[in-house]
Amino acid sequence: GDLTAIPDGVPSVRVVPRTTGMPVSVDGRPYRGSIELRVAEGGKVSAINQLALENYLLGVVPLEIGQRSPEESAAVEAQAVAARTYAVAQLGSQVEAGFDVFGTVSDQVYGGIAAEREQSTAAVRRTAGRILMFEGRPIRAYYHSTCGGSTAAIEEVMDREPAPYLQSVSDASPDGSDYCSASPRYRWEATWTRNQLGSAIQPGVRARFGSATASREVRSVEIIGRTPSGRVRDLAMRGDGFELVLSRLDIRRALVYEGRILNSTNFVVEPRDDGLVELHGRGYGHGAGMCQWGAIGRAGAGQDFEHILEVYYPGAELVNAY
């Protein structure tokens with residue numbers, strides 16, 4: 001039937017399959033469990049998928065780590081544990097909204113049944129119930145695509161409290177290369193004209209000064225501080241009548257390139273005489289926690305998922321939570 005609206009005066013409707021175990025579809029996409037349609041703010045309708053946590057992971061892990069070769073299955077298992085740990089830590093965090101996690105990069109990307117793959121389903125089943133704990137609590141199991149040589153301590157890249165298990169970890173292999181070097185964004189470049197860069201940072205300028213700049217041209221870009229792992233902590237951009245200093249994640253949000261936020265804060269500014277601003281960078285993502293491409297490289301080198309997790313979350317304990 002039509003699931004796009006809820007009758008007036010009804011706060012929510014729960015949609016269950018006619019036959020137990022069959023999927024429920026929303027916008028043509030099938031999901032396990034049931035769907036609650038809830039009236040949200042502004043008269044909109046939220047669709048909330050209610051299902052067992054282990055079944056939820058079946059639609060998360062393949063989207064986060066991708067299809068890997070059989071030799072890389074340990075990376076998929078490590079991803080399953082990290083995603084499960086993250087989900088368990090988030091339980092109850094959105095009580096007023098009626099759900100636990102967003103199905104997007106705000107938490108973890110979730111695609112329902114359409115995203116499920118045999119390899120990742122097997123990895124979830126093999127690690128069922130296993131999560132990472134520290135001092136009796138599920139850890140903040142952050143992960144990212146590519147560290148570019150070393151991960152970052154959490155406080156370097158986010159406004160978060162330090163944690164022993166979220167410290168900077170080297171991704172170097174015994175032969176001197178980095179385990180994440182196969183990543184397509186292990187190394188990258190970004191180039192703007194000074195006018196293009198001025199346009200890209202306008203939202204950041206408005207947030208900082210309350211209005212757009214008088215001049216849209218950025219005349220200079222200067223790194224004025226780095227974190228212990230080598231990432232840019234503070235970046236100053238100057239033009240006629242303005243100076244904008246950005247820190248940590250705000251740097252990536254402001255420096256929009258090819259329609260998305262900047263790959264990482266691990267970069268240098270390359271001097272140019274032709275009026276262009278060029279960055280040479282490493283890695284993709286915030287850089288804290290498990291490096292997914294590093295995990296893939298480590299799995300290919302024969303490391304099991306327990307060791308991979310021990311490397312990227314030092315001090316955390318792998319336990320059977322249920």
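Residues numbered from 1 in each chain as written. Predicted model: local features only at pLDDT ≥ 70, side-chain atom pairs only at ≥ 80, totals over all residues. Heavy atoms only, no water.

Topic: the sheet that holds strand S13 (residues 267–270)
The 3 strands lie next to each other as S9-S14-S13, forming an open sheet whose pairing is antiparallel. Edge positions in the sheet fall to strand S9 (187–193) and S13, since each has one partner strand and no second. Between one strand axis and the next, the sheet turns through 20 degrees on average, direction left out of account. In this structure, S13 lies alongside strand S14 (residues 276–282), joined through 4 bridges in antiparallel fashion. Bridge pairing in S14 links Val268 to His280. (Pairing = 2+ DSSP bridges. Helix = DSSP H or I, 4+ residues; strand = E, 2+ residues; numbered from the N terminus. Axes fitted to C-alpha atoms, helices over the stretch in contact; angles between N-to-C directions.)

Quick notes on helix H3 (residues 73–90)
Relative to the 26 Å expected for 18 residues at 1.5 Å per residue, H3 spans 26 Å between its end C-alpha atoms, a close match to the ideal helical length. Among the 18 residues in H3, 15 count as buried, and that is most of the element. Gly92 lies just past H3 and shows a positive phi near 85 degrees. (Expected span 1.5 Å × (residues − 1). Buried < 20%, exposed > 50% of the residue type's maximum accessible area, 1.4 Å probe, protein only.)

Focus: the layout of surface pockets
If you add up the space inside the largest pocket, you get close to 1300 Å³. Contributing to the lining of the largest pocket are 39 residues, with Val105, Asp107, Tyr143, Met158 and His286 lying nearest its centre. Contributing elements (two or more residues each) for the lining of the largest pocket: helix H2 (61–65), H3, strand S8 (143–144), helix H8 (249–254) and helix H9 (292–300). Ranked by the residues each element gives to the lining of the largest pocket, the list is headed by H8, at 4 residues. (1 Å grid on protein atoms, 1.4 Å probe; cavity = no way out; pocket = protein on both sides within 12 Å on 5 of 7 lines; lining within 4 Å. Points joined across faces, edges and corners; volume = space filled by probe spheres on them.)

Comments concerning the packing of H3 against H9
Geometry of a packed helix pair, given as the angle between the helix axes and the separation of the axes. At a minimum axis distance of 7 Å, the contact between H3 and H9 shows a crossing angle of 140 degrees. The angle between the axes of H3 and H9 places the two elements in the oblique class. Crossing of H3 over H9 shows right-handed handedness. Listed contacts from H9 to Ala74, Ala75 and Gln79 of H3 are Gln292, Ala295, Ile296 and Ala299. Looking at the contact of H3 with H9 residue by residue, the class counts come to 5 nonpolar, 2 polar and no charged. (Parallel < 35°, antiparallel > 145°, perpendicular 65-115°, else oblique. Left-handed = near helix turned anticlockwise from the far one by under 90°. Contact = heavy atoms within 4.5 Å. Nonpolar A, V, L, I, M, F, W, Y, C, P; charged D, E, K, R; others polar.)

So, empty space enclosed by the protein
Within the structure shown, the criterion is met by 1 cavity of 30 Å³ or more. Looking at the largest cavity, its volume works out to about 40 Å³. Its residues assigned to classes, the lining of the largest cavity comprises 2 nonpolar, 2 polar and 2 charged.

Looking at the sheet that holds strand S16 (residues 317–320)
In spatial order, the strands read S7-S6-S16; together these 3 strands make up an open sheet with antiparallel pairing. The open sheet has two edge strands with one neighbour each: strand S7 (137–138) and S16. Where strand S6 (residues 130–134) lies against S7, 2 bridges are found, and the strand directions are antiparallel. Among the inter-strand pairings, Phe134 is bridged to a residue of S7, identified as Arg137.

Digging into the side chain of Ser150
Tracing the backbone shows Ser150 in the loop between S8 and helix H5 (154–157). Residue class for Ser150 comes out buried when judged on its relative accessible area of 19%.

As for the side chain of Ser120
Within the secondary structure, Ser120 is located in helix H4 (residues 118–126). Within the structure, the side chain of Ser120 is placed 3.1 Å from the backbone oxygen of Arg117, a separation counted as a polar contact. With residues near it in sequence (within four places) discarded, Ser120 still touches Val61, Pro62 and Val76. (Polar contact = N/O pair within 3.5 Å; in protein donor to acceptor, adjacent residues only side chain to side chain.)

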